Amino acid sequence: MPTISRAEVAHLARLARLAVTEEELDLFASQLEVILTSVARVGEVAAADIPPTSHAVGLTDVFRADVTRPGLTQQQALSGAYATEDGRFRVPRILDES
Amino acid sequence: MTAALMDYDEVLERFDPVLGLEVHVELSTATKMFCGCANVFGTPPNTQVCPTCLGLPGALPVLNGVAVESAMRIGLALNCSIAPWCRFARKNYFYPDMPKNFQTSQYDEPIAVNGSLAVELSDGSVFTVAIERAHMEEDTGKSLHVGGADGRIHGASHSLLDYNRAGVPLIEVVTKPIEGAGARAPEIARAYVTALRDLLRALGVSDVRMDQGSMRCDANVSLMPRGSSTFGTRTETKNVNSLRSVERAVRYEMCRQGAVLASGGRIVQETRHFDEAGGTTSAGRRKETSEDYRYFPEPDLVPIAPSDAWVQRLRATLPELPWQRRARAKTEWGLSDLELRDLVNAGALDLIAATVDAGAPAAEARSWWVSYLSQQTNSRGVELADLPITPAQVARVIALVAEGALTNNLARQVVDGVLAKEGEPDEVVAAHGLAVVSDDAALTAAVEQALAAAPDIADKIRGGKLAAAGAIVGAVMKATGGQANAQRVRELVLALVSA
Ligand SMILES: [Zn+2]
């Protein structure tokens, strides 16, 4: 039975850059608990002979030829940007980020 | 702020250094790792981008097959085992150098593991560095920090992002902890990166230009008290952008950490920044909380499962590797151990071999790289391999001299032109009119003039002192700016005097 603490919700919120209120910490902790408990039921039917899987299709080795394809122009690339400068995306200063 | 440093010898008396080197290499594929955007250095910002490498919604990655083969060839050349099955993972983080908010990398399933690289040191001894893994990932975009000092992140008002480099195929080669290096730790670090660079160059998988960032080294350094077998806390120094800097950064960290530990302090596990100018390291961003990248298998890329046949086929494509080439050069060029070591230390061996492969005689190839071109590296402060001249261009200059089209003096001027990025040797010759003058009419006039200006010397030659002809030849060479064919001038002098 998974349990998720308020501290874990706060950690996840910080990683996701979400501002979460004190009340929301409790709310999300209980909601995430329900989700994790539901998903955990998969583990009850997965026997030892069933390997974990990351892909729905059984394919391997799907490759692309190393041939250039036209992409976007600088104007197109920057068209959705919030702010630009000198042909580049302009973002707020980056400090204390990893 | 200058850190206290312990004397290097004292560091070694009290501590054993442990190194770990992480080298990132950009592959020289035509396209990026997961999209068909061109992989070219130095184009205008955000002109080699597409929905996939910009992380636009709905865009899907497709793996570059050549990049995978390059990774496997690197692994094989490093004596690694190739994983029979591996995947990519998402490394999740918020930092604008990756527009997707994650970097696609290999995490716990690298494509190549458990290898080694034998590294030759300046005294001729060999130190074997164990390789932990070589894995595939994608490079990040380039950030430009505006408003702070020196483009550094501290004090910047905002940052500008260019995603041309985002998604460029990257191989990270990670060593196992290098122990027992002792006093030679800095040298071993440098020699390892040099050997890896030469290996990658021989494989033809990367242009390995540290000055352009296509090869980058992070150096992990820690000290443990002598006699102990418990590793100390390590620091990771980034931004080490030349072979010389690798050596300096390791040595500096050893002395800095020695001083901290001796004064009862403790080493903080942190990322440090190497300052090229001062040869020092400084603390970088210190993280408040431990990293939590929430790696998980990349659902948009299927696993890679190299068959034995595929691995064997790639193994057969490995070229002559540096250490094999060294052994061959020794026998074929008749070099002594010392001569060979000098060439290796000067970084000249592969360049000479490539010049020979391009058709030049070994003696001439060796002479150019170890004398004139080596002098150019001293005045420019770069490595031989980073000079803007290729072995093929050197071979062409040698051929022009052999044909009699250039004198040695002119050949050096042609090489200067190539180094000044004026074009191919033949273009420099044409642009500056550097070809040897063999035109008899022009030369005869110059010889007559020189003889008339020095009647006493002309008399000496007439009197049988043929050695005196040298003075006339010299005068003609001077008058023609070194462009005369000296052999022909001499013939003309003797012919005219006796006429
Ligand atoms: Zn792209």
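Please refer to the structure higher up on the page.
Before going further, it helps to examine the overall build of chain B. Helix and strand content of chain B: 16 helices and 15 strands. Each principal axis of the C-alpha distribution contributes one length, and for chain B these read about 95 × 55 × 55 Å. Each of the 499 residues in chain B was classed as buried or not, and the buried ones make up 49%. Considering only contacts in chain B between residues 6 or more positions apart, those separated by 24 or more positions represent 69%. As displayed, chain B has an accessible area near 21,500 Å², and 51% of this comes from carbon and sulfur atoms.

What follows covers the pairing of strand S7 (residues 126-138) of chain B. Of the pairings in the sheet, the one linking strand S6 (residues 112-120) of chain B to S7 of chain B comprises eight bridges and is antiparallel in character. Within S7 of chain B, the residue paired with Leu 117 of chain B across the bridge is Val 129 of chain B.

What follows covers the packing of aromatic side chains. All names here are of chain B. Summed over the entire model, instances satisfying the criterion amount to seven aromatic pairs over all chains. With centroids separated by 6.3 Å and ring planes inclined at 75°, the aromatic side chains of Tyr 93 and Tyr 293 adopt a geometry described as edge-to-face. Remark: Tyr 293 occurs in the loop between strand S14 (280-283) and strand S15 (296-297) and Tyr 93 occurs in the loop between strand S4 (89-92) and strand S5 (102-105); sequence separation between them is 200 residues. When sorted by exposure, Tyr 93 lands in the same class as Tyr 293, which is buried. These aromatic residues form a ring-pair network of at least three members: Tyr 93, Tyr 107, Tyr 293 and Tyr 295. Positioned above the aromatic ring of Tyr 293 is the side chain of Lys 91, whose terminal nitrogen or guanidinium carbon lies 4.5 Å from the ring centre. We note Arg 251 situated over the ring of Tyr 8; from NZ or CZ to the ring centre the distance is 4.0 Å.

Read from one edge to the other, the open sheet built from four strands follows the order S2(A)-S3(A)-S9(B)-S8(B), with strand pairing classed as antiparallel. Every other strand in the sheet has two partners, leaving strand S2 (84-85) of chain A together with strand S8 (142-146) of chain B as the edge strands with one partner each. As paired strands, strand S3 (residues 88-92) of chain A and strand S9 (residues 158-162) of chain B are joined by four bridges and run antiparallel to one another. Residue pairing across strands places Arg 90 of chain A opposite Leu 160 of chain B, the latter belonging to S9 of chain B.

For the structure on display, the rule yields 35 salt bridges over all chains. Of the charged contacts in the structure, one is a salt bridge between Arg 6 of chain A and Asp 26 of chain A, with a shortest N-O distance of 2.9 Å. One end of the pair, Arg 6 of chain A, is in helix H1 (residues 6-15); the other, Asp 26 of chain A, is in helix H2 (residues 22-45), with 20 residues separating them in the sequence. Here Arg 6 of chain A falls in the partly exposed class, since its relative accessible area comes to 33%. Residue Asp 198 of chain B is joined to Arg 197 of chain B by a salt bridge in which the shortest nitrogen-to-oxygen separation is 3.4 Å. Each of Glu 320, Arg 325, Arg 328, Glu 332 and Asp 357 of chain B takes part in one network of salt bridges that share partners.

Conventions and cut-offs
Residues numbered from 1 in each chain as written. Chains lettered and ligands numbered in written order. Predicted model: local features only at pLDDT ≥ 70, side-chain atom pairs only at ≥ 80, totals over all residues. Heavy atoms only, no water. Helix = DSSP H or I, 4+ residues; strand = E, 2+ residues; numbered from the N terminus. Buried < 20%, exposed > 50% of the residue type's maximum accessible area, 1.4 Å probe, protein only. Contact = heavy atoms within 4.5 Å. Areas by Shrake-Rupley, 256 points an atom, 1.4 Å probe, with all protein chains shown as cover. Pairing = 2+ DSSP bridges. Phe/Tyr/Trp six-rings, centres within 6.5 Å; stacked < 30°, edge-to-face > 60°. Lys NZ or Arg CZ within 6 Å of the ring centre and 35° of its normal. Salt bridge = Lys/Arg side-chain N within 4 Å of Asp/Glu carboxyl O.

Any functional reading would require information that these geometric values do not contain.
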